Amino acid sequence: MLVYEFKLKGKQEQFNLIDQAIRTALFVRNSCVRYWLDNLKIGKYDLSAYCKVLSANFEWAGKLNSMARQASADKAWSAISRFYDNCKKKISGKKGFPKFKKRGHSVEYKTTGWKLSEDRKYLTLTDGFEIGKLKLVGTYDLHFYQVKDIKRVRLVKRADGYYAQFCIAVEREIKVHPSKKVVGLDAGLNHFYTDSDGNKVENPLVLRKSQKALKRLQKRVYNKFRKGQIQSSNYKKARNKLATKHLKVSRQRKDFAVKLARCVIQSNDLVAYENLQVQNMVRNQKLAKSISDASWYLFRRWLEYFGKVYGKITIAVAPQWTSQNCSNCGLVVTKTLSTRTHQCPHCRTVLDQDENAALNILAKGLSTVGHTGISAWGENDLYLNLATGSDKSAR
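Residues numbered from 1 in each chain as written. Predicted model: local features only at pLDDT ≥ 70, side-chain atom pairs only at ≥ 80, totals over all residues. Heavy atoms only, no water.

## Structural notes on the overall build of the protein
Quick reminder of the rule: Each helix is a run of DSSP H or I of at least 4 residues and each strand a run of E of at least 2, with the numbering of both proceeding from the N terminus. Contacts were defined at the residue level, with two residues in contact if any of their heavy atoms lie within 4.5 Å. The accessible surface values rely on the Shrake-Rupley method and a 1.4 Å probe; as for residues, cover is taken only from the protein chains in view. Positive charge is attributed to Lys and Arg, negative charge to Asp and Glu, and no charge count is given to His or to the chain ends. Charged side chains are reduced to one point each, which is NZ for Lys, CZ for Arg, CG for Asp and CD for Glu.
When its secondary structure is counted, the protein shows ten helices and 14 strands. On the principal axes, the C-alpha backbone points of the protein span a range of 75 × 50 × 45 Å. Nonlocal contacts in the protein, meaning residues at least 24 apart in sequence, comprise 68% of its contacts between residues at least 6 apart. As presented, the protein carries roughly 22500 Å² of accessible surface, and 52% of it is formed by carbon and sulfur atoms. Counting 73 positive and 33 negative side-chain charges, the protein places the centres of these two groups 8 Å from one another.

## Digging into helix H5 (residues 206-224)
Think of an α-helix as turning once every 3.6 residues; residues three or four places apart then point the same way. Our working rule: A helix is expected to span 1.5 Å for every residue after the first. To obtain the bend at a residue, axes are fitted to the seven residues ending there and to the seven starting there, and the angle between these axes is taken. Throughout, exposure labels follow a simple rule: accessible area from a 1.4 Å probe, protein chains only, divided by the maximum for the residue type, with under 20% read as buried, over 50% as exposed, and the rest as partly exposed.
Taking 1.5 Å of rise per residue, 19 residues should cover 27 Å, and H5 covers 27 Å from first to last C-alpha, within 8% of that figure. The largest bend along H5 measures about 45 degrees and falls at lysine 212. Among the residues making up H5, those that are buried are Val206, Ser210, Gln211, Ala213, Leu214, Leu217 and Val221. Of the surrounding secondary structure, the elements contacted by the buried residues of H5 are helix H6 (233-267) and helix H8 (288-294).

## Some details on the sheet that holds strand S10 (residues 200-202)
Put simply, the test is: In this description, strands pair whenever DSSP reports at least two bridges between them. Fitting a line to C-alpha atoms yields each axis, with helices limited to the stretch in contact; the angle taken between N-to-C directions then spans 0 to 180 degrees.
The five strands lie next to each other as S10-S9-S8-S11-S12, forming an open sheet whose pairing is mixed. The strands lining the two open edges of the sheet, one partner per strand, are S10 and strand S12 (313-317). Sheet twist, expressed as the mean angle between neighbouring strand axes with direction ignored, is 20 degrees. Judged from the five bridges that link them, strand S11 (residues 270-274) and S12 form a sheet pairing that is parallel. Bridge pairing in S12 links glutamate 274 to valine 317. Packed onto the sheet, helix H9 (residues 296-310) meets strand S8 (182-187), strand S9 (191-195), S11 and S12 and runs at close to 155 degrees relative to S11. Across the sheet, helix H10 (residues 353-368) lies against S8, S9, S10, S11 and S12, angled at about 130 degrees from S8, the strand it touches most.

## Thoughts on the nonpolar core
Selection criterion: Grouping buried Ala, Val, Leu, Ile, Met, Phe, Trp, Tyr and Cys residues that are joined through side-chain atoms within 4.5 Å yields what is termed a nonpolar core.
Grouped together as the largest cluster of nonpolar side chains are 55 residues, with contacts concentrated most on Tyr109, Leu123, Phe166 and Phe299. Those residues in contact with phenylalanine 166 that lie beyond four places of it in its chain are Leu2, Val3, Tyr4, Phe6, Leu116, Leu123, Leu136, Leu142, Ile150, Arg152 and Val153.

## A closer look at the pairing of strand S6 (residues 150-158)
Alignment of strand S2 (residues 106-109) against S6, held across four bridges, turns out to be antiparallel. When the sheet's bridge partners are listed, valine 107 is paired in S6 with leucine 155.

## With respect to empty space enclosed by the protein
For clarity, the cut-off: Put simply, the grid is 1 Å and covers the protein atoms alone, a cavity is a trapped set of points that fit a 1.4 Å probe, a pocket is an open set with protein on both sides within 12 Å along at least five of seven lines, and lining residues have an atom within 4 Å of a point. Grid points are joined across faces, edges and corners, and a volume is the space filled by probe spheres set on the points. In this count, Pro and Cys sit with the nonpolar residues alongside Ala, Val, Leu, Ile, Met, Phe, Trp and Tyr, while Asp, Glu, Lys and Arg are called charged and the others, Gly among them, polar.
This model, assessed by the stated rule, comprises two cavities of 30 Å³ or more. In this structure, the largest cavity occupies an estimated 160 Å³ of space. Together, 14 residues line the largest cavity, and Ala187, Tyr273, Glu274, Trp296 and Arg300 are the ones closest to its centre. Breaking the lining of the largest cavity down by element, the ones donating at least two residues are S8, S9, S11 and H9. The element that contributes the greatest number of residues to the lining of the largest cavity is H9, accounting for five residues. Classifying every residue of the lining of the largest cavity by side-chain character gives eleven nonpolar, no polar and three charged.

## Some details on the sheet that holds strand S5 (residues 132-137)
With antiparallel pairing, seven strands are arranged side by side in an open sheet as S2-S6-S7-S1-S5-S4-S3. Each edge of the open sheet is held by one strand with a lone partner, namely S2 and strand S3 (114-116). The sheet shows a mean angle of 30 degrees between the axes of neighbouring strands, taken without regard to direction. Pairing of strand S1 (residues 2-9) with S5 involves three bridges; the strand directions are antiparallel.

## Considering the pairing of S11
With respect to burial, S11 is a largely interior element, five of its five residues being buried. Burial along S11 is two-sided: Leu270, Ala272 and Glu274 and Val271 and Tyr273, pointing in opposite directions, are all buried. The sheet contact formed by S8 and S11 spans four bridges and is parallel. Bridging across to S11, glycine 184 finds its partner in alanine 272.

## Some thoughts on the packing of aromatic side chains
For clarity, the threshold we go by: Here a Phe, Tyr or Trp ring, Trp counted by its six-membered ring, pairs with any other such ring whose centre lies within 6.5 Å, and the pair is stacked when the planes are under 30 degrees apart, edge-to-face when over 60, and tilted otherwise. Charge over a ring is defined by NZ of Lys or CZ of Arg lying within 6 Å of the ring centre and within 35 degrees of the ring normal.
Taken as a whole and judged by the stated rule, the model has 24 aromatic pairs. Between the aromatic rings of phenylalanine 27 and tryptophan 60, the centroid separation amounts to 4.7 Å while the plane-to-plane angle is 55 degrees, which identifies the pairing as tilted. Pair noted here: phenylalanine 27 is in helix H1 (residues 12-38) and tryptophan 60 is in helix H3 (residues 59-62), with a separation of 33 residues, a long-range link. Seen from the ring of tyrosine 122, lysine 133 lies directly overhead, with NZ or CZ sitting 5.4 Å from the centre.

## Description of a positive patch on the surface
Quick reminder of the rule: Residues enter a patch when their relative accessible area is above 30% and they make no salt bridge; the linking distance is 9 Å between like charges and 5 Å between nonpolar side chains (Val, Leu, Ile, Met, Phe, Trp, Tyr). Salt bridges are counted wherever a side-chain nitrogen of Lys or Arg sits within 4 Å of a carboxyl oxygen of Asp or Glu.
There is a patch of like positive charges on the surface, built from Lys212, Arg216, Arg220, Lys224, Arg226, Lys237 and Lys241. Looking at the positive patch, the elements that each hand over two or more residues are H5 and H6. Ranked by residues supplied to the positive patch, first place goes to H5 with four residues. The residue arginine 216 is located in helix H5 in this model. Overall, the relative accessible area of 42% leaves arginine 216 in the partly exposed class.

Laid out in structure tokens, this is it:
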């Protein structure tokens, strides 16, 4: 599945109608969650049938395309099924009980409710909201694909404008010559990762570098907020500037992860890395911001995606004892986080602690080949049948 994203260019009246469509999709999604809470034994098809009831009871809900309403119901069922799966797997902690969303940022159409112009540069929305024709601004060329291959069209609202995402049912495969190299990666905070060859990649510290500007913008928003009153246009402008800055930080983080993951995959035939539980690690209040800023999980997802695209092997191994064991003789050498050098009293091996861990990770990965590996989604297929989501469109 490919996802091509374009920025939409149109009139403000059209963007206001898109906002109405997004709010309607959010209403359908929340209504389906409410219907499930009142009738716990219903299934996915019952929620799809309930969309027709909503369109009959609410005239403005009927303006939204029928398949767009079904897509909103699918989102509700996705949250419900994820909750059921977590309960079956007996995951510790919160199980992700479905909640009502306060804000929506997208509306998704399937195969109806839209059409492309012959030159593939304009998108026309044909449902009851009568949004009309919007210009597509981007570098992708949709002429390479048939319209029937476009399975979803998603309208997304962001701080800097509105975007259209086209989900195309085409498998992306790139053939490359084998590099005859294998590598193990040890994630860290001093360096983004250290590989088994001793190479280090500096942590970009995207959030840390933008923290001063974010605090200044946040202070402006706070000073212009008036409790219990209609907010001024200056408040809305300040809030939009803050949102735009956060959007830039997220894009910088994603750009770093995409480029680095592609480089690692193209340079190696097998990549082994730690199966880190980031959700548990951020509970450490002293390290939570640094761990979130590093975004190891985002890097891992792109690593696995490019592994599928380029036909390379990616293996997630258990991180236990990778930092403590000696990579040469296997002796357990207890160390703290502040100890940056591995010194084995048995075989006299002296290595950087992160490099020693990367060698252990690589050894675990090689011993796993031919058995099972763990992907970021919990799959046990080394070659990972991944599909690109809304957040996997490389820009």
